[in-house]
Amino acid sequence: MIRLQNLLENLSESDGLAVTSLHNPERMVNRAEILTTDTIPDTGTLYLSAGRNTLKSHRLQERILALSEPCLILTDKAQDLPFPLILVREIHDVNQLFTAILQRLRFEEEIQFETTQLYQLLYTGKGLDDIVLRAQNILGRAVSVLDAGYTMLAVSPMMRELPFGVESNDAGDFDFLSAQEVESLRRLNIEQQIYQHTHAFFVQAEDHPDTNWIFCAIRIQHVMSGYVAVCLPDRADASERELRLTSVIADICSVEMQKHDFYAHQTGLQYETFLTDLIEGRFTSLPMIESRFKVLNRHLGKFFCLAILYRSEPHNSELFNERQMSTLRNTYPGSMSVVYKNNIVLLLNQDTPVLLRPDLIRPMAQFALQNQLKVYLSQPFADILKIRIFYEQAQHTLELSDPRSPDQLIYFSTEALPFYLFSKCSYEDLEAGIHHHIFQLQDYDRQYHTEFITTLRAYLTHNRNVTQTAEYLHVHRSTLFYRMKKIEELLEVSLSESHLLFLYELSLQIWDYLSR
């Protein structure tokens, strides 16, 4: 399985495929087929079509249109069809391209299988030693894990055979990278590269002419707390498989190091990195989450809500000190908080539904006022596995909030839901979602200098209340009735139809969003 966008990028690099039109780039591709008139399409398959005649089949078109969402069809023949296509510049040999896609899908399947094997060690393994041993067996390379202080937390058997500078403490229970090796890392700028890279990278270290290396930072809460080092023979370049699996190993080491308290938390909370992993969607098993809560002596409730506490101006580290985090935890017992991407993220966690009432919000608003913060609340939710989605919702509320409200402290995702949904669509898709009556009124206003759009907007904004709308527009009620009657005559509708008014209101919100 692979993201469509990633698959096409790989094909662009390996086979020179040039994509000219793409839809649903985030869709996952499970398999590939060459499209024929007898194909029974599904939404997880990428279909290759090299000719026009296949897609002209009415029976095939009917099967495609019957799907819940458009299937993925790659072709170099632009056609006027009732469903989207992935257009590329030219397919020289459809069978050759098909073979390349199958090879990539098999490669991804193998990577995912090996990744799963490694992640299972978090449940069944015996710590970092077991991880590096399995990593050595899978990669066939020497592997070691070091923390930020150059303590060697785990070393595979093949790595111990290498004649490099490893020193032990007096008790002999810890190995360290020698001062000479640390100096080499710094002099060759490798240490800085480890800090800067977010994924595994390849190095040919001149201090070790007989070996090449792959390094990858181990990050906890976006802080580099160690790294993975994989040793390759002299003439060996790092393969894509080796680089990707080394990144996986680093992620697994990050979780394992948190389990054993290797990392000194920024605010002294044991669960900080666990909450960060939750927010980033690294847990997909509810039993695993429940077990982690128990290990951390926390109670997993049934209902949740996320709050992002944000400060727009630069601040010093005092903002997120233990005292302030402690205030939040005392105010909301059972909650969890973490400093994430320079903001405080608060997870409300309780056994009863989270109701965004004044008694819940008031202490948070007071905290925000005292610390010059803004609070952006997700919708309450009951599935902890969906926490990443609701974090993104709160984050979008932050990004979409109206800067013209400087005195507002609390922003609710429920109030920004339309804009949140709009942000997931393209400009063209949103524009096509505006009811044609809105454009018709706009054209009429422009031609005859009327104010029908303004009138309709005011009527909807004021909850269809004639008196309030007339007062807002500074016109007499009879003038408002006259305008509404003219709108009905022009559009041949009745403004008493609630479904139609909903569509008008939604269309105007889309219009406003596109005009931002």
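Residues numbered from 1 in each chain as written. Predicted model: local features only at pLDDT ≥ 70, side-chain atom pairs only at ≥ 80, totals over all residues. Heavy atoms only, no water.

## Focus: the nonpolar core
What counts, and what does not: Here, the term nonpolar core denotes a set of buried Ala, Val, Leu, Ile, Met, Phe, Trp, Tyr and Cys residues that are joined through side-chain atoms within 4.5 Å. Per-residue accessibility, obtained with a 1.4 Å probe over protein chains only, is compared with the maximum for each type, and a residue is labelled buried under 20%, exposed over 50%, and partly exposed between these values. By definition, any uninterrupted DSSP run of H or I lasting at least four residues is a helix, any uninterrupted run of E lasting at least two residues is a strand, and each is numbered from the N terminus.
Counting 33 residues, the largest nonpolar core has Leu118, Val145, Val228, Ile249 and Cys253 as the members making the most contacts within it. The set of elements that each furnish at least two residues to this core consists of helix 4 (94-119), helix 5 (121-124), helix 6 (128-139), strand 8 (142-147), strand 9 (151-155), strand 13 (211-220), strand 14 (223-233) and helix 10 (240-259). Counting 30 residues, the second-largest nonpolar core is a separate cluster that includes Tyr459, Leu491, Val493 and Trp511.

## What about the pattern of salt bridges?
Threshold: Any Lys or Arg side-chain nitrogen found within 4 Å of a carboxyl oxygen on Asp or Glu counts as a salt bridge.
What the rule picks out here adds up to 17 salt bridges. A salt bridge links Arg388 to Glu392; its shortest N-O distance comes to 3.0 Å. With Arg388 and Glu392 both in helix 15 (residues 387-400) and 4 residues apart, the pair spans about one turn of that helix. Given a relative accessible area of 36%, Arg388 falls into the partly exposed group.

## Regarding the confidence of the model for the chain
Going by this rule: Residue-level confidence of the predictor is what pLDDT reports, using numbers from 0 through 100. Throughout, a contact is declared for two residues whenever any of their heavy atoms are within 4.5 Å.
Looking at the chain as a whole, its pLDDT mean stands at 85, while 90% of the residues score no less than 70. The low-confidence segment residues 261-269, where pLDDT is below 50, has 24 contacts with residues more than four positions distant or belonging to other chains.

## Focus on the packing of aromatic side chains
To describe a pair of aromatic rings, one takes the distance between the centres and the angle between the planes. Counted only if it meets this: Pairing of aromatic rings covers Phe, Tyr and Trp, the last counted by its six-membered ring, and requires centre-to-centre distances within 6.5 Å; plane angles under 30 degrees mean stacked, over 60 mean edge-to-face, and any other angle means tilted.
In the structure shown here, the tally under the stated rule is 10 aromatic pairs. Measuring from centroid to centroid gives 5.9 Å for Phe215 and Tyr227, while their planes differ by 70 degrees, and the two rings are edge-to-face. With Phe215 in strand 13 and Tyr227 in strand 14, the pair connects residues that are 12 residues apart, well separated along the chain. Each of the two residues, Phe215 as well as Tyr227, counts as buried. Here a set of aromatic residues connected by ring pairs shows up, and it is made of Phe201, Trp213, Phe215 and Tyr227.

## Let's talk about the environment of Leu508
Here Leu508 is to be found in helix 22 (residues 498-514). Counting along the chain gives 48 residues from Leu508 to Leu460, while the straight-line C-alpha distance between them is 9.7 Å.

## Remarks on the side chain of Asp76
What counts is decided by this rule: Under the convention used here, Asp and Glu are negative, Lys and Arg are positive, and both His and the chain ends fall outside the count. What qualifies as a polar contact is a pair of N or O atoms within 3.5 Å, subject to a donor-acceptor requirement within protein and to the restriction that residues adjacent in sequence count only when both atoms come from side chains.
Position of Asp76 relative to the elements: it lies in the loop between strand 6 (72-75) and strand 7 (86-88). Here Asp76 occupies a buried position and makes no salt bridge, while the nearest side chain of opposite charge, Lys77, is found at 4.2 Å. In this structure the side chain of Asp76 is engaged in a polar contact, spanning 2.9 Å, whose partner is the backbone nitrogen of Ile91. Excluding residues that lie within four positions of it along the chain, Asp76 makes contacts with Ser49, Ala50, Val88, Arg89, Glu90 and Ile91.

## Some remarks on the side chain of Asp445
You can see Asp445 is positioned in helix 18 (residues 436-448). Although buried, Asp445 forms no salt bridge, and the nearest oppositely charged side chain, Arg483, lies 8.7 Å from it. Asp445 has contacts with Thr450, Glu451, Phe452 and Ile453, leaving out every residue within four places of it along the chain.

## Things to note about helix 22
This is how it is decided: Multiplying 1.5 Å by the helix residue count minus one yields the expected span of that helix.
With 17 residues, helix 22 should cover 24 Å at 1.5 Å per step; its first-to-last C-alpha distance of 24 Å lies within 8% of that length. Of all the residues in helix 22, the buried ones are Leu500, Leu501, Tyr504, Ser507, Leu508, Ile510, Trp511, Tyr513 and Leu514. Turning to helix 22, the residues buried within the fold contact helix 15, helix 16 (417-422), helix 17 (427-432), helix 18, helix 19 (452-461) and helix 21 (477-491).

## Looking at helix 10
For helix 10, with 20 residues, the first-to-last C-alpha span of 29 Å sits near the 28 Å given by 1.5 Å per residue. In terms of burial, helix 10 is largely enclosed, as 14 of its 20 residues are buried.

## A look at the environment of Glu290
Among the secondary structure elements, Glu290 is positioned in helix 12 (residues 286-295). Given a relative accessible area of 36%, Glu290 falls into the partly exposed group. Separated by 146 residues in the primary sequence, Glu290 and His436 place their C-alpha atoms 51 Å from one another.

## Regarding the sheet that holds strand 6
Backbone hydrogen bonds hold the strands of a sheet together, and the pairing may be parallel or antiparallel. Our working rule: Strand pairing requires that DSSP identify at least two bridges connecting the strands. Only C-alpha atoms enter the line fits that serve as axes; for helices the fit covers just the stretch in contact. Angles between N-to-C directions range over 0 to 180 degrees.
Sheet architecture is open: 5 strands sit in the order 2-7-6-5-4, paired in mixed fashion. In the strand order of this sheet, the two ends are held by strand 2 (19-21) and strand 4 (31-34), each with one partner. Here the strands of the sheet are splayed against their neighbours by 30 degrees on average, with no regard to which way each runs. The sheet contact formed by strand 4 and strand 5 (residues 45-49) spans 4 bridges and is parallel. Bridge pairing in strand 5 links Ala32 to Leu46. Packed onto the sheet, helix 4 meets strand 4, strand 5 and strand 6 and runs at close to 165 degrees relative to strand 4.

## Some points on unusual backbone geometry
Located in the positive-phi region is Asn189, a residue other than glycine, with phi close to 65 degrees. Summarising the element assignment, Asn189 is placed in the loop between helix 8 (179-187) and helix 9 (190-196). Residues other than glycine seldom take positive phi values, yet His474 does so here, at roughly 60 degrees. The residue His474 is located in the loop between helix 20 (466-473) and helix 21 in this model.

## A few points about the sheet that holds strand 15 (residues 303-310)
Taken in spatial order, the 5 strands make up an open sheet running 16-17-15-18-19, and their pairing is mixed. Among the strands making up the open sheet, the edge pair consists of strand 16 (336-340) and strand 19 (410-412). Within the sheet, the average angular offset between the axes of one strand and its neighbour, ignoring direction, is 20 degrees. Pairing of strand 16 with strand 17 (residues 343-350), which is carried by 5 bridges, proceeds in the antiparallel orientation. If you follow Met336 over to strand 17, its bridge partner there is Leu347. Along the sheet face, helix 15 touches strand 15, strand 16, strand 17, strand 18 (374-377) and strand 19 and points at about 35 degrees away from the line of strand 15.

## A closer look at the pairing of strand 13
Within strand 13, 9 of the 10 residues are buried, which leaves it mostly tucked inside the rest of the structure. Across 3 bridges, the pairing between strand 12 (residues 201-203) and strand 13 is antiparallel. Each residue of the ladder has a partner; that of Val203, found in strand 13, is Trp213.

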